[in-house]
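Examination of the molecular architecture
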Amino acid sequence: SLAMRITIIAVGRRKKGPEQDLFDQYKARLPWPLDLKLVEEKKPLSGDALKAREAELLLAACPDGATLVALDERGTSDTSPKFAERLNVWRDGGVRDLVFLIGGADGLAADLRKRADFVMSLGKQTWPHQLVPALLAEQLYRGHAILTGHPYHRV
């Protein structure tokens, strides 16, 4: 069967640095193709106007028919084994494109959260924006390790 493709689409600009290196490290270890796309609004908008515009940009970058996972602090915070199980269900359910959406500094627009197939939280803490794709890539790799019985999860 065709591999599930995973895309992380985030508001922001690519910066070289340890966060990017960490992302690349996990990407290289994953059996699924993983891509990071960044979108940015150039106009000086703020508040809800900016969030609405960022939502448009995020959606425009999504592959057609993708399963959408919105990252939001109000979302479900899974254990790693539960997240692995979710990945398994998506993969076995024939999901071709799995997309994780990361909003800007003010988060995702409410209608984008409503439109998502799943709303996920990385926990109650606030993480540096640049670090979130790397954290997500790590959890994807950990999920794969759990599903395949690889010792990584236990280390």
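For the structure, see preceding data.
The paragraphs below set out a description of the structure included in this document. (Residues numbered from 1 in each chain as written. Predicted model: local features only at pLDDT ≥ 70, side-chain atom pairs only at ≥ 80, totals over all residues. Heavy atoms only, no water.)

Here we look at the overall build of the protein chain
Check the secondary structure of the protein chain and you find five helices and five strands. At 15 Å, the protein chain has a C-alpha radius of gyration in line with the 15 Å of a compact globule built from 155 residues. For the protein chain, the spread of C-alpha atoms along the three principal axes comes to 50 × 35 × 30 Å. Buried positions account for 46% of the 155 residues belonging to the protein chain. A separation threshold of at least 6 residues defines the contact pool for the protein chain, and within that pool the share at least 24 residues apart is 81%. If you sum the accessible surface of the protein chain, you get close to 8600 Å²; carbon and sulfur atoms cover 52% of it. The positive charge centre, built from 23 side chains, and the negative charge centre, built from 20, are 2 Å apart in the protein chain. (Helix = DSSP H or I, 4+ residues; strand = E, 2+ residues; numbered from the N terminus. Rg over C-alpha atoms; globule rule 2.2 N^0.38 Å. Buried < 20%, exposed > 50% of the residue type's maximum accessible area, 1.4 Å probe, protein only. Contact = heavy atoms within 4.5 Å. Areas by Shrake-Rupley, 256 points an atom, 1.4 Å probe, with all protein chains shown as cover. Lys, Arg positive; Asp, Glu negative; His and termini not counted. Charge placed at Lys NZ, Arg CZ, Asp CG, Glu CD.)

What about the nonpolar core?
In terms of nonpolar packing, the biggest core is built from 29 residues, with I6, I8, L34, W90, L98, F100 and L140 touching the most fellow members. Elements with a contribution of two residues or more to this core: β1 (5–11), α1 (18–29), β2 (34–39), β3 (67–76), α3 (80–92), β4 (97–102), β5 (118–120) and α5 (132–148). A per-element tally of this core places α5 first, with seven residues. Other than its neighbours up to four places away in sequence, L34 contacts I6, I8, F23, K27, A137 and L140. In this structure, L58, C62, A66 and A109 belong to the second largest nonpolar core, which totals 17 residues. (Core = buried A, V, L, I, M, F, W, Y, C linked by side-chain atoms within 4.5 Å.)

A short note on the packing of aromatic side chains
Tallied over the entire structure, the rule returns four aromatic pairs. Summarising the aromatic geometry, the rings of Y141 and Y152 are spaced 4.8 Å apart at their centres and angled 75° between planes, so their arrangement reads as edge-to-face. You can see Y141 sitting in helix α5 and its partner Y152 sitting in the segment after α5, a full 11 residues away along the chain. Across the pair, exposure class does not vary: Y141 and Y152 are buried alike. Aromatic ring contacts, followed pair by pair, group Y26, Y141 and Y152 into a single cluster. (Phe/Tyr/Trp six-rings, centres within 6.5 Å; stacked < 30°, edge-to-face > 60°.)

Observations regarding the side chain of E41
The residue E41 is located in the loop between β2 and α2 (47–60) in this model. Classification of E41 by relative accessible area gives buried; the value is 13%.

What about α1?
For α1, spanning 12 residues, the distance from its first C-alpha to its last is 17 Å, which sits close to the expected 16 Å at 1.5 Å a residue. Within the span of α1, buried status applies to Q20, F23 and Y26. Mapping the buried residues of α1 onto a view down its axis gives an arc of 130°, with all of them on the same face. Residues P18 and A28 are exposed on α1 and point more than 90 degrees away from its buried face. (Expected span 1.5 Å × (residues − 1). Arc of directions from axis to C-beta.)

Side note on the sheet that holds β4
The parallel open sheet is built from five strands, whose spatial order is β2-β1-β4-β3-β5. Strand pairing shows two members of the sheet lacking a second neighbour, β2 and β5, which therefore form its edges. For this sheet, the mean angle separating the axes of adjacent strands, direction not counted, is 30°. As judged from the four bridges shared by β3 and β5, these two strands associate in the parallel manner. Among the inter-strand pairings, L71 is bridged to a residue of β5, identified as M120. Contacts between α2 and the sheet are confined to β1, β2, β3 and β4, with β1 contributing the most and set at about 160° to the helix. (Pairing = 2+ DSSP bridges. Axes fitted to C-alpha atoms, helices over the stretch in contact; angles between N-to-C directions.)

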